[in-house]
Amino acid sequence: MKNGQECSPQSPVNMITHLPDDLLLNCLARVSRLYYPILSLVSKKFRSLIASLELYQTRTLLGHSESCLYLHLGFSNDSKLDPRWFTLCKRPTRIPSPNPNPNLGWFTPCFGLRRILTKRLSNNLMVPVPTSNLSAVYWPYGAIGSNIYTIVEYEHGEFSTDRVFYLDCRSHTWHEAPFMWMIRSGPLIRVLDGKLYVLKGFPSNSIEIFDPKTQLWDYVRCPIAEILGTRSSLISFAIDGGFYLYGDKCMVYKPKENKWDVVEYETGLVWASFRLSCVINNVIYSSKLSRVLKWYDSEGRLWRDLKGLDKLPKLPKSFSRLRLVNYGGKIAVLWEKSGGVSSREKKMIWCAVIAVERRSGQEIYGKIEWCEVVLTVPKSCCLLEFFAVTV
């Protein structure tokens, strides 16, 4: 399709779309999902198959499930209004074509790339996700499998935090999960062993736990007031099979043992709760507001530089401009950077994917697989959340 015109009957795309649905599903299931936003432009049939749950069931049966990145942006002065979702997409490889114009491959006219590509031809792009927004203010989030969960704080102008919704990243549709047992004011969400842990703001005497497999809520008693003292702020994170809470002291809940323990307070782990950190193989990685990536040495109880990243651009110090996630065992770093003189009203969203390798007890090296501008947005736009889901 070029300038709204259909591809010619003899084109490869036209021949592919006439294949039986079962065969097309089998073929599409073997293609990286990074190409799905582009492939959905081929035809209505492709768009329908890519949006079907049958495709993802086929991917699972074939062992082709993969980690995918999702970005949540706010496009107004109030970051809780007008949110939009984006997902990472690969720019299609140019393929030689019998077209007499040597500058065109058949992907280019048939996929209408001008609607997606920016002036900078990055190999990786954040493209809009066609999903409707909830008619409510929702905050915060947790990702499990192919779903991104959120708790509604306000709905139709009224306080309501017992309702939980999730975005199904296979179909890009919102669904409501079972109600929580109690209304949570200023809740904290953490994911541990495939379950959602929801803690009310300080103080609270229980944590509710949601199991997506059974669709049931459970709860455990949480002795925060007795153990952590009167501290008004609370820091939490999940690692190594434990749900940690930091106040005046540090306590951990081990689900397998179903008990709370007080553990030694490690000052360095305070950084583990921020959005500018992620956990891979029980190692915490963070920028720690230092403009470079570091990892936490739990034996030495100190932060060490992640080596081998000399070519990685300097990261912003502000935690509101930076996000880190575990991207299938690799670090995905997302940050914003103001545009040049000619684009003062714009800013660029950068993303880098970094593989990590431990070479000794005190040395972990990173290898940059790619680092590019993936999106250009208005300067008033703000980063909300960054996720890696498995689909």
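Note that this is a predicted model, so its numbers are computed, not measured.

1. Considerations on helix H2 (residues 21-29)
At step 1: Of the positions making up H2, those classed as buried are Leu24, Leu25, Leu28 and Ala29. Down the axis of H2, the buried side of the element spans an arc of 130°, and every buried residue falls inside it.

2. A closer look at the side chain of Asp211
At step 1: Looking at the element boundaries, Asp211 is found in strand E11 (residues 206-211).
At step 2: Of the side chains bearing the opposite charge, Lys195 lies closest to the buried Asp211, which forms no salt bridge; the N-O distance is 4.1 Å.
At step 3: Dropping the residues within four chain positions of it, Asp211 is found in contact with Lys195 and Leu216.

3. Comments concerning the packing of aromatic side chains
At step 1: Taken as a whole and judged by the stated rule, the model has 16 aromatic pairs.
At step 2: Judged by centre distance (5.4 Å) and plane angle (20°), the ring pair of Tyr197 and Phe243 falls under stacked. Taken together, the residues Tyr197 in strand E10 (residues 195-199) and Phe243 in strand E14 (residues 242-246) connect sequence positions 46 residues apart. With respect to class, Tyr197 is no different from Phe243; both count as buried.
At step 3: Their ring planes at 0° and their centres at 5.0 Å tell us that Phe237 and Tyr244 sit as a pair that is stacked.
At step 4: One aromatic cluster in this structure is built from Trp85, Tyr141, Trp174 and Phe387.

4. A short note on the pattern of salt bridges
Two side chains bearing opposite charge may form a pair once their charged atoms approach each other closely.
At step 1: All told, the structure shown has 13 salt bridges when counted by the stated rule.
At step 2: For the salt bridge of Lys294 with Asp305, the shortest nitrogen-to-oxygen distance reads 2.5 Å. Highlighted residues: Lys294 in strand E19 (residues 294-297) and Asp305 in strand E20 (residues 302-305), separated in sequence by 11 residues.
At step 3: On the basis of relative accessibility, which here comes to 16%, the residue Lys294 falls in the buried class.
At step 4: The network of salt bridges with common partners includes Arg321, Glu336 and Lys347.

5. Re unusual backbone geometry
At step 1: With a phi angle near 50°, Asp193 is a residue other than glycine that sits in the positive phi range.
At step 2: Within the fold, Asp193 resides in the loop between strand E9 (188-192) and E10.
At step 3: If you check the backbone angles, Arg301 has positive phi at about 55° while not being a glycine.
At step 4: Mapped onto the elements of the fold, Arg301 is located in the loop between E19 and E20.

6. So, the environment of Leu34
At step 1: The residue Leu34 is located in the loop between H2 and helix H3 (36-39) in this model.
At step 2: Assessed through its relative accessible area of 11%, Leu34 is described here as buried.
At step 3: Here the alpha-carbon distance between Leu34 and Cys68, two residues 34 residues apart in the chain, equals 7.5 Å.
At step 4: Excluding residues that lie within four positions of it along the chain, Leu34 makes contacts with Glu66, Leu88, Cys89, Lys90 and Tyr327.

7. Description of helix H5 (residues 53-62)
At step 1: Residues of H5 that are buried include every one of Leu55, Tyr56, Thr58 and Arg59, and no others. All buried residues of H5 project into a common sector of 155° when viewed along the axis, lining one side. For H5, exposure combined with an orientation more than 90 degrees from the buried face picks out Thr60 and Leu61.
At step 2: Residues of H5 that are buried sit in contact with H2, H3 and helix H4 (44-50).
At step 3: Where H5 ends, the next residue or the one after it, Gly63, has phi of about 75°, a positive value.

8. Quick word on the confidence of the model for the protein
At step 1: Overall, the prediction assigns the protein a mean pLDDT of 81, with 77% of residues at 70 or greater.
At step 2: In this model, residues 1-7 is a region of pLDDT below 50 whose contacts with residues beyond four sequence positions or in other chains number 11 contacts.
At step 3: Note that pLDDT drops below 50 for residues 94-119; the model gives that stretch 42 contacts with residues more than four away or on any other chain.

Conventions we followed
Residues numbered from 1 in each chain as written. Predicted model: local features only at pLDDT ≥ 70, side-chain atom pairs only at ≥ 80, totals over all residues. Heavy atoms only, no water. Buried < 20%, exposed > 50% of the residue type's maximum accessible area, 1.4 Å probe, protein only. Helix = DSSP H or I, 4+ residues; strand = E, 2+ residues; numbered from the N terminus. Arc of directions from axis to C-beta. Lys, Arg positive; Asp, Glu negative; His and termini not counted. Salt bridge = Lys/Arg side-chain N within 4 Å of Asp/Glu carboxyl O. Contact = heavy atoms within 4.5 Å. Phe/Tyr/Trp six-rings, centres within 6.5 Å; stacked < 30°, edge-to-face > 60°. pLDDT = per-residue confidence, 0-100.

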